Amino acid sequence: MDGKGSHTLAELGEFGFIGRIRERFPAPEGVTGIGDDCAVIPQRDGRDTLVSTDMLIEGTHFLRDDIPPYRLGWKSAAVNVSDIAAMGGTPTATFLSVALPPGLEAGWTDEFLRGFADLSKRFGVALLGGDTTASPDRICINVAVLGECPAGTAHLRSAARAGDLVCVTGTLGDSAAGLKAILGGVERDAEIQALIERHYLPLPRVTEGLRLAAAPGVHAMMDISDGIGSDLRHILDASGVGAEVFVEAIPLSPALERVCARLGWDAAELAVCGGEDYELLFTADPEAEKALDIPHTVIGRILSGNGIRWSGNGRSFSGFDHFRR
Ligand code: ADP
Ligand code: MG
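Since the model is a prediction, treat every value here as computed from it, not as a measurement. (Residues numbered from 1 in each chain as written. Chains lettered and ligands numbered in written order. Predicted model: local features only at pLDDT ≥ 70, side-chain atom pairs only at ≥ 80, totals over all residues. Heavy atoms only, no water.)

Caption draft 1: View of the packing of helix α2 (residues 69-85) against helix α3 (residues 106-122). Contact geometry for α2 and α3: axes closest at 6 Å, N-to-C directions at 40 degrees. Considering how the two elements wind past one another, α2 and α3 form a crossing that is right-handed. When α2 is examined against α3, the residues Pro 69, Tyr 70, Leu 72, Gly 73, Trp 74, Ser 76, Ala 77, Ala 78 and Val 81 are found in contact with a partner set consisting of Trp 108, Glu 111, Phe 112, Arg 114, Gly 115, Phe 116, Asp 118, Leu 119, Ser 120 and Arg 122. (Axes fitted to C-alpha atoms, helices over the stretch in contact; angles between N-to-C directions. Helix = DSSP H or I, 4+ residues; strand = E, 2+ residues; numbered from the N terminus. Left-handed = near helix turned anticlockwise from the far one by under 90°. Contact = heavy atoms within 4.5 Å.)

Caption draft 2: A look at the coordination of the magnesium ion (ligand 2). Protein coordination at the magnesium ion (ligand 2): the donors are Asp 37 (OD), Asp 83 (OD) and Asp 223 (OD), at 2.0 Å from the metal. Read N to C, the donor residues that coordinate the magnesium ion (ligand 2) are spaced as D-x45-D-x139-D. With Asp 37 in the loop between α1 (9-24) and β1 (39-42) and Asp 83 in helix α2, this residue pair connects regions lying 46 residues apart in the sequence. Each member of the pair, Asp 37 as well as Asp 83, is classed as buried. (Donors = N, O, S within 2.8 Å, 3.2 Å for Na, K, Ca; no water. Buried < 20%, exposed > 50% of the residue type's maximum accessible area, 1.4 Å probe, protein only.)

Caption draft 3: Structural context of the sheet that holds β1. Spatially, β1-β2-β5-β3-β4 is the arrangement adopted by the five strands of the open sheet, whose pairing is mixed. The open sheet has two edge strands with one neighbour each: β1 and β4 (126-134). Strand-to-strand twist of the sheet, defined as the mean angle between neighbouring strand axes without regard to direction, takes the value 20 degrees. Pairing analysis gives four bridges linking β1 to strand β2 (residues 47-57), with the strands arranged antiparallel. Counterpart to Val 40 in the pairing with β2 is Leu 50. In the packing of α3 onto the sheet, the strands contacted are β3 (90-100), β4 and β5 (140-150), and the crossing angle to β3 comes to about 165 degrees. (Pairing = 2+ DSSP bridges.)

Caption draft 4: Structural context of the pattern of salt bridges. Within this structure, the stated rule accounts for 19 salt bridges. Two residues, Asp 118 and Lys 121, come together in a salt bridge whose shortest N-O distance is 3.6 Å. Here Asp 118 and its partner Lys 121 are both found in helix α3, three residues apart, which amounts to about one turn of the helix. Across the salt bridge formed by Asp 174 and Arg 198, the nearest N and O atoms sit 2.9 Å from each other. On the criterion of sequence distance, the pair formed by Asp 174 in helix α4 (residues 174-184) and Arg 198 in helix α5 (residues 190-200) is long-range, its members being 24 residues apart. Bridged by salt links that share partners, the residues Asp 174, Arg 198, Arg 205 and Glu 279 form one connected network. (Salt bridge = Lys/Arg side-chain N within 4 Å of Asp/Glu carboxyl O.)

Caption draft 5: Spotlight on the packing of aromatic side chains. Tallied over the full model, the rule gives two aromatic pairs. Measuring from centroid to centroid gives 5.7 Å for Trp 108 and Phe 112, while their planes differ by 10 degrees, and the two rings are stacked. One end of the pair is Trp 108 and the other is Phe 112, both in helix α3 and four residues apart, which spans about a single turn. Per residue, the accessibility class of Trp 108 equals that of Phe 112, and both read buried. Taking relative accessible area as the criterion, Phe 112 reaches 4% and is therefore assigned buried. Aromatic ring contacts, followed pair by pair, group Trp 108, Phe 112 and Phe 116 into a single cluster. The ring of Trp 265 carries Lys 180 above its face, with NZ or CZ at 5.3 Å from the centroid. (Phe/Tyr/Trp six-rings, centres within 6.5 Å; stacked < 30°, edge-to-face > 60°. Lys NZ or Arg CZ within 6 Å of the ring centre and 35° of its normal.)

Caption draft 6: Structural view of unusual backbone geometry. Backbone geometry at Glu 276 places phi at a positive 65 degrees, although glycine is not the residue there. By secondary structure assignment, the location of Glu 276 is in the loop between α9 (267-273) and β9 (280-284). Residue Glu 276 is classed as buried on the basis of its relative accessible area of 18%.

Here's what the structure looks like:
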């Protein structure tokens, strides 16, 4: 074992680990490999193929007794399709691999597939294959997704420029609040239930991604899976820039604000550090931003330098790392 091998994964961190894989497997010329929402593989027909894969593990990403199987099926497809949206691409196909405990009821899997099918139908995505195996106890789900875009139009994390505005679609934090309610056993009135549904039934921003990709002056783009505290850092690192974020400008839903006021939860923390919103985070030059015709909110600006300056209330935030919870 070399000196590098003596670290635990917790010390290395999720992204340190991915960095090591990336060092060992540089992408072939002309291909975007590890480090973005999707790999981008040029084809001969003037199109690029987009590919991504995401895993959901029982106990880590969901609690079997809590999430209804329909919603788990929907979410498994949605979080993958979201990575195609993040590039400004059109999703085309998925592959579904599952490891399931043999004692699982057939009714559970029927509902899971119904949810997966409904999300797929909504976005015109075909399930073309996968793999099935037994698991001793936990449910493991892996989905691979394919998509496409005109050659050279995929919006990479590395395209942010100093002077760009930092923008998001939708509102942030509902999904994290829903998860907090689930884990804390909060009584589920209609408002709490609505937040939980945002956690269970994310809607990938495919249409928005396509329109943003077609707009001139939109630069870096990614989907928000780990919270902007972590995800914006990926854009900054990939682009070699820094950012100022206006904490007070981060869009929150009225439901989130009311629930946080009622339960004493920190809405800004949920919006910045909580993940799984699956909204789009993008940068655009200020003239282009003015001309955008999709609903979005400006939450900051790109600076030369590095790191994030959180302005507004003197706070700072970090994001999610699978190995450092
Ligand atoms: P996302 O949140 O968009 O799904 P991740 O943060 O999971 O992206 O992954 C970041 C990048 O690292 C992606 O390009 C992904 O393909 C790559 N990656 C993650 N895990 C691995 C792995 N085990 N082997 C190769 N590439 C990986
Ligand atoms: Mg992503």
